[in-house]
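So you can see what is in the structure, the chains are spelled out below.
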Amino acid sequence: MSNTQGNLNTTAEVGIVEEGGSFPPFDSTTYPSQLLWLVLSFGVFYWVMSKVVLPRIGGILEDRRDRIAGDMAEASRLKQETDEAIASYESALAEARKKATTMAHDARSKVKAETESARAAAEEQLAAKLSESEQSISKITAESLSHVGEIAAETTGELVKALIGGRAPAKAEVAKAVDAALK
Amino acid sequence: MAGNSGNAIDPIHQFHISKIFPVEIGGVDFSFTNASLFMVVTVAVATLFLVLSTNRRGLVPSRAQLMAEMSYEFVAATLRGSAGNDGMRFFPLVFSLFMFVFVANMLGMFPYFFTVTSQIIVTFALAILVIGTVTIYGFFKHGAGFLKLFVPSGVPAGVIPLVSAIEVISFLSRPVSLSVRLFANMLAGHITLKVFAGFVVMLTGFGAVGIASAILPLILTVAITALEFLVAFLQAYVFTVLTCMYLADALHPSH
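Notes on the structure follow. Here the structure is a predicted model, which means the values were calculated and not measured.

Turning our eyes to something else, we now look at the overall build of chain A. Tallying secondary structure elements over chain A gives 3 helices and 0 strands in all. By residue count, 10% of the 183 residues in chain A fall in the buried class.

On to the interface of chain A and chain B. Each partner contributes residues to the interface: chain A has 41 residues there, and chain B has 48 residues. Looking at the side of chain A that touches chain B, the elements that each hand over two or more residues are α1 (2-8) and α2 (31-164) of chain A. With 26 residues, α2 of chain A is the single largest residue contributor to the side of chain A that touches chain B. Of the residues in the side of chain A that touches chain B, the class split is 26 nonpolar, 11 polar and 4 charged.

Time to look at the nonpolar core. If you look at the biggest cluster of nonpolar residues, it comprises 54 residues, and the most contacted ones within it are V94, F98, F100, V101 and L247 of chain B. Broken down by secondary-structure element, the contributors of at least two residues to this core are α2 of chain A together with α2 (34-53), α3 (63-83), α4 (91-108), α5 (120-142), α6 (160-204) and α8 (215-251) of chain B. Residues in contact with L247 of chain B, not counting those within four places in the same chain, are A83, G87, F90 and V134 of chain B. Counting 5 residues, the second largest nonpolar core, distinct from the first, contains L193, A197, V200 and I224 of chain B.

Another aspect to go through is α2 of chain B. With 20 residues, α2 of chain B extends 28 Å from end C-alpha to end C-alpha; this agrees with the ideal 28 Å at 1.5 Å per step. Within α2 of chain B, the full set of buried residues consists of A35, S36, F38, M39, T42, V43, A46, L50 and S53 of chain B. Looking at the buried positions of α2 of chain B, the neighbouring elements they touch are α2 of chain A together with β4 (32-33), α3 and α4 of chain B.

Criteria and thresholds
- Residues numbered from 1 in each chain as written.
- Chains lettered and ligands numbered in written order.
- Predicted model: local features only at pLDDT ≥ 70, side-chain atom pairs only at ≥ 80, totals over all residues.
- Helix = DSSP H or I, 4+ residues; strand = E, 2+ residues; numbered from the N terminus.
- Buried ≥ 20, exposed ≤ 12 C-beta atoms within 10 Å, placed from the backbone.
- Contact = placed C-beta atoms within 7 Å.
- Nonpolar A, V, L, I, M, F, W, Y, C, P; charged D, E, K, R; others polar.
- Core = buried A, V, L, I, M, F, W, Y, C linked by C-beta atoms within 7 Å.
- Expected span 1.5 Å × (residues − 1).

Right, here's the structure in full:
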């Protein structure tokens, strides 16, 4: 054991006074030195952490969180704008469609009314013309019929003249005979 | 030479403290030792990493910055989880403790490096720092109301003295359990590692049979090394969690 401890001194220039082989962690002569250096090193570490490192990392994380939150807010704002634009477009479209339907309806009913009236007028005209024609036809018929006896009498007179030759019978006589035949 | 090889497998040798610059004030030895050196190295490594990695303050973090941010958020979540938002006033302390213990444990995993946390005085000092903070802040904030910590509510009056006695004992044993847990884990782990590694060295001295039989301790050494890395992190975490829970007592003593 003493041999072992003799070799330990090779790492330290000055060498340490060995504590008769006591277990190193329980060697209380090293405690003041360990405590002092622990307090110094840990104190410096704590100071650097609380003053430099942790505020810095906290700042980085917060910046990132803010940035993300800001971007999200911007995105939702833009989305809302888009939604609004879509809604207004939809309503404009619906309005336009309604207007178009009304216009088409109006145009159709107007055209229909015009056509109706034009047709009515044409029909009226036609009816008038028809009755006029009928009247003239009936007039012509009547006229013609009134001439039938005359023509028949004349024709009969000629026939009789041709058949019996010479002298034509008296017109009144012929007419009387034709009338009697026609009756 | 015999002494040297004996040294190589002496599992306690790694915990020896040797002076680098002797300092003596008023007859008390305050020398800068290998333990002091590794405290400084621990602080330097942790500080440099955290400062340099966050130097750029990137909105999109680099890998190193992400590690720094993750350690920050990890400790913050642990503290907030057990002590609530009020507990964030102790965040610098808890973060410093976690990083110090964690980096010290991890540096201790390097061969030939001294493990700062394998010294009971160091872990005890850190535990006293925690319990001291809890006690002083508890009395400062709640005055005598802090003593409600020892009188759990909803306990029948008859058993209050007994329960209070147990609570007081458990409170007083906190620094001991906190420090001994960390110290003993680091000490035992490093001794185990050294013993198994020592077997390998010893057995290889016995020729071919020895080398063949050295394979098993070699595998074990590798496995224990992995385990020790886990323990190094886990003990730092446990220390932090317990610190957070004790701080929660200081903030809300009536439970």
